[in-house]
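Chain residues, written in single-letter form:
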Amino acid sequence: MTENTGARYGGAPGARGRTTIADVVVEKIAGMAARDVRGVYALGSGFARSMGSMRERMPGAGSGKSATRGVSVEVGEKQAAIDLEIVVDYGVSITDVAGEVRENVISAVERMAGREVVEVNIMVSDVKLPDEEDEGEERQRIQ
């Protein structure tokens, strides 16, 4: 006797099939959510930002900042773990910024990707001082 589990003809249409979310999707969500926090100057180490800046200037390499720079994730069927490397603005409370980043990232990933975020590890790799040049700015030597 064949048992009808309802998976083929019954049940809600939204429950038929499986949804797989790629790691890069969660990386982009986490990166954008982290950048939205006041006090976060950039994501990634100075070297990664420099290399990304050079890549962005190359023809055909895409435009805009990489949404995944400074973000790494591990994504399972139900859970995700996220590691972020950030640069903060001088004068802000690093612990407050880190807490706000965690809250924003967890909220965005759980809402958009439907994965429980088990941890968000944050490494502050630098502080942006007011008198430092932005990585995209270049001084002109001759005018």
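Residues numbered from 1 in each chain as written. Predicted model: local features only at pLDDT ≥ 70, side-chain atom pairs only at ≥ 80, totals over all residues. Heavy atoms only, no water.

Novice: How should I be thinking about the environment of Tyr90 in this particular structure?
Specialist: Mapped onto the elements, Tyr90 comes out in the loop between strand E3 (79-89) and helix H3 (94-113). A relative accessible area of 57% means that Tyr90 is categorised as exposed. Separated by 39 residues in sequence, Tyr90 and Leu129 have C-alpha atoms that sit 5.3 Å apart. Ignoring sequence-local partners within four residues, the contact set of Tyr90 consists of Val127, Lys128, Leu129 and Pro130. (Helix = DSSP H or I, 4+ residues; strand = E, 2+ residues; numbered from the N terminus. Buried < 20%, exposed > 50% of the residue type's maximum accessible area, 1.4 Å probe, protein only. Contact = heavy atoms within 4.5 Å.)

Novice: Please clarify how H3 should be interpreted in this entry.
Specialist: Given 3.6 residues to a turn, an α-helix orients residues that are three or four positions apart in the same direction. Between its first and last C-alpha atoms H3 spans 27 Å; for 20 residues at 1.5 Å apiece the expected length is 28 Å, and the two agree. Regarding H3, the residues found buried are Val97, Ala98, Val101, Val105, Ala108, Val109 and Ala113. Buried residues along H3 cover an arc of 105° about the axis, so they all sit on one side. Opposite its buried face, H3 presents the exposed residues Thr95, Glu103 and Arg111, each directed more than 90 degrees away. (Expected span 1.5 Å × (residues − 1). Arc of directions from axis to C-beta.)

Novice: I tried to follow the nonpolar core on my own but got confused; where do I start?
Specialist: One recurring pattern in soluble globular proteins is that nonpolar side chains are buried together. Core analysis: the biggest nonpolar cluster contains 25 residues, and Ile82, Leu84, Val101, Val105 and Val109 have the highest contact counts within it. At the level of elements, helix H1 (23-35), strand E1 (40-43), strand E2 (71-75), E3, H3 and strand E4 (116-128) are the ones that each hand at least two residues to this core. The element that contributes the greatest number of residues to this core is H3, accounting for seven residues. Once residues lying within four places of it in the same chain are set aside, the contact partners of Leu84 are Ala34, Leu43, Gly70, Val71, Val101, Val105, Val120, Asn121, Ile122 and Met123. (Core = buried A, V, L, I, M, F, W, Y, C linked by side-chain atoms within 4.5 Å.)

Novice: Any chance you could explain the packing of H1 against H3 here in plain terms?
Specialist: Relative placement of two packed helices is described by the angle separating their axes and the distance separating the axes. Relative orientation of the contacting elements H1 and H3 amounts to 140°, with a least axis distance of 8 Å. Between H1 and H3, the angle falls in the class oblique. In this structure, H1 meets H3 at a crossing whose hand is right-handed. Every residue of H3 that contacts H1 at Val26, Ile29, Ala30, Ala33 and Ala34 is listed here: Val101, Asn104, Val105, Ala108, Val109, Met112 and Ala113. Class assignment for the residues of the contact of H1 with H3 results in eleven nonpolar, one polar and no charged. (Axes fitted to C-alpha atoms, helices over the stretch in contact; angles between N-to-C directions. Parallel < 35°, antiparallel > 145°, perpendicular 65-115°, else oblique. Left-handed = near helix turned anticlockwise from the far one by under 90°. Nonpolar A, V, L, I, M, F, W, Y, C, P; charged D, E, K, R; others polar.)

Novice: What am I meant to see in a negative patch on the surface here?
Specialist: A contiguous patch of negative charge, built from Asp23, Glu74, Asp83 and Glu119, is present on the exposed surface. Tracing the backbone shows Glu119 in strand E4. (Patch = residues over 30% accessible without salt bridge, like charges linked within 9 Å, V, L, I, M, F, W, Y side chains within 5 Å. Areas by Shrake-Rupley, 256 points an atom, 1.4 Å probe, with all protein chains shown as cover. Salt bridge = Lys/Arg side-chain N within 4 Å of Asp/Glu carboxyl O. Lys, Arg positive; Asp, Glu negative; His and termini not counted. Charge placed at Lys NZ, Arg CZ, Asp CG, Glu CD.)

Novice: How do you make sense of the environment of Lys28 when you look at a structure like this?
Specialist: Among the secondary structure elements, Lys28 is positioned in helix H1. Looking at Lys28, the relative accessible area reads 45%, which means it is partly exposed. Considered as a pair, Lys28 and Thr68 are 40 residues apart in the sequence and their alpha carbons are 5.3 Å apart. In contact with Lys28, other than residues within four places in its own chain, are Ala67 and Thr68.

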